[in-house]
Amino acid sequence: MPHTLDPLPYAYNALEPYIDEQTMRLHHDKHHQTYVDKLNAALENAPEFAAKSLDDLLRDLTAVPESVRTAVRNHGGGHTNHSIFWKNMRPGGGGDPGGSLADALQKTFGDLAKFREEMTKAATGVFGSGWAWLVAEERTLRVVPRPNQDSPLMDGQTPLLGLDVWEHAYYLKYQNKRPEYIAAWWNVVNWDDVAERFAAHS
Ligand code: MN
């Protein structure tokens, strides 16, 4: 069964004023759709992998035929990264996480402000297109930058919270001011979703 694009879990304008409607429409309906379409096109040339879950494909890219490996990496990575990204955000988000996720963040980073600082630094520092991720790696939390659409799954990590810093994520509203986009993005973080991913990993 081909991979499909889920609708956004909220209205296109729901993340205003932090992320504008036009950006959300283009980002979800055009950019994300293209990753899905190109992933499906690649898998047509590797039908024995078409039924596998995307997570499994990305966790073991070396098993994927070389002829489609780069396409699966880029477009499959793009598909899974964005699927997480939409759920990682919600209107009325932001604030602080609670529960065991907050405990784990404090244990790893000292306090929540320090975690935010590290994630912001990683996102700001991505050269060109990429992401910053909060990931779980066995019992540890880490903040990691990733180039292009590389998924943390490729490194055996569980993605918990991703921040897309491709220009298509912010250029219409923020132009070249990536730090302003990052500062605004913290206001839409859906900590409940991050906590669910953390609980599923634990
Ligand atoms: Mn994107």
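Computed from a predicted structure; not experimentally measured.

Engineer: Provide a residue-level description of the nonpolar core, including the pertinent values.
Structural biologist: Of all hydrophobic cores here, the largest spans 48 residues; its most connected members are Met89, Phe115, Met119, Leu134, Leu161, Tyr181 and Trp185. Top element by residues in this core is strand S1 (residues 130-137). It accounts for six residues. Each of domain 1 (21-87) and domain 2 (99-201) accounts for three or more of the residues forming this core. Met119 has contacts with Ala132, Trp133, Leu134, Val143, Leu161, Gly162, Leu163, Trp185 and Trp186, leaving out every residue within four places of it along the chain. Leu43, Leu58, Leu61 and Val72 belong to the second largest nonpolar core, which has 13 residues in total.

Engineer: Give a description of the pairing of strand S3 (residues 158-164) that names residues and reports values.
Structural biologist: Counting buried residues along S3, six of its seven residues qualify, which places the element largely inside the surrounding structure. One ladder, built from six bridges, connects S1 with S3; its direction is antiparallel. What sits directly across from Ala132, in S3, is Leu163.

Engineer: I'd like a rundown of helix H7 (residues 178-185), residues and numbers included.
Structural biologist: For H7, the set of buried residues is Arg178, Tyr181, Ile182, Ala184 and Trp185. With its buried residues spanning 165 degrees around the axis, H7 presents them on a single face. Contacts from the buried residues of H7 go to helix H3 (66-87), helix H5 (112-125), S3 and helix H6 (171-174).

Engineer: Outline the domain arrangement of the protein chain, listing residues and values.
Structural biologist: For the protein chain, the assigned domains are domain 1 (21-87) and domain 2 (99-201). Relative placement of domain 1 and domain 2: their C-alpha centres are 20 Å apart. On the domain 2 side, the residues contacting the 20 residues of domain 1 number 22 residues. Approximately 1,800 Å² of surface area, both sides summed, lies buried where domain 1 meets domain 2, with 60% of it carried by carbon and sulfur atoms. Among the residues of domain 1 in contact with domain 2, Asn81, Ile84 and Phe85 are the three that bury the most area, contributing 32% of the side total. One can count one salt bridge joining domain 1 with domain 2. Between Asp150 and Arg73 there is a salt bridge, and its shortest N-O distance comes to 2.9 Å. The interface formed by domain 1 and domain 2 holds eight residue pairs in polar contact (both at pLDDT 80 or more) in total.

Engineer: Tell me about the pattern of salt bridges, and please be specific about residues and values.
Structural biologist: Under the criterion given, the structure shown has nine salt bridges. Notably, a salt bridge pairs Asp55 with Arg59, separated by 3.9 Å at the nearest N-O pair. With Asp55 and Arg59 both in helix H2 (residues 54-59) and four residues apart, this pair spans about one turn of that helix. The exposure class of Asp55 is partly exposed, given its relative accessible area of 30%. Across the salt bridge formed by Glu137 and Arg142, the nearest N and O atoms sit 2.8 Å from each other. Classification of Glu137 by relative accessible area gives partly exposed; the value is 26%. With a relative accessible area of 37%, Arg142 lands in the partly exposed category. One continuous salt-bridge network, built from bridges that share partners, spans Asp55, Asp56 and Arg59.

Each value, and the rule that gives it
Residues numbered from 1 in each chain as written. Predicted model: local features only at pLDDT ≥ 70, side-chain atom pairs only at ≥ 80, totals over all residues. Heavy atoms only, no water. Core = buried A, V, L, I, M, F, W, Y, C linked by side-chain atoms within 4.5 Å. Buried < 20%, exposed > 50% of the residue type's maximum accessible area, 1.4 Å probe, protein only. Helix = DSSP H or I, 4+ residues; strand = E, 2+ residues; numbered from the N terminus. Domains from an automatic or database assignment. Contact = heavy atoms within 4.5 Å. Pairing = 2+ DSSP bridges. Arc of directions from axis to C-beta. Buried area = accessible area lost by both parts, 1.4 Å probe. Salt bridge = Lys/Arg side-chain N within 4 Å of Asp/Glu carboxyl O. Polar contact = N/O pair within 3.5 Å; in protein donor to acceptor, adjacent residues only side chain to side chain.

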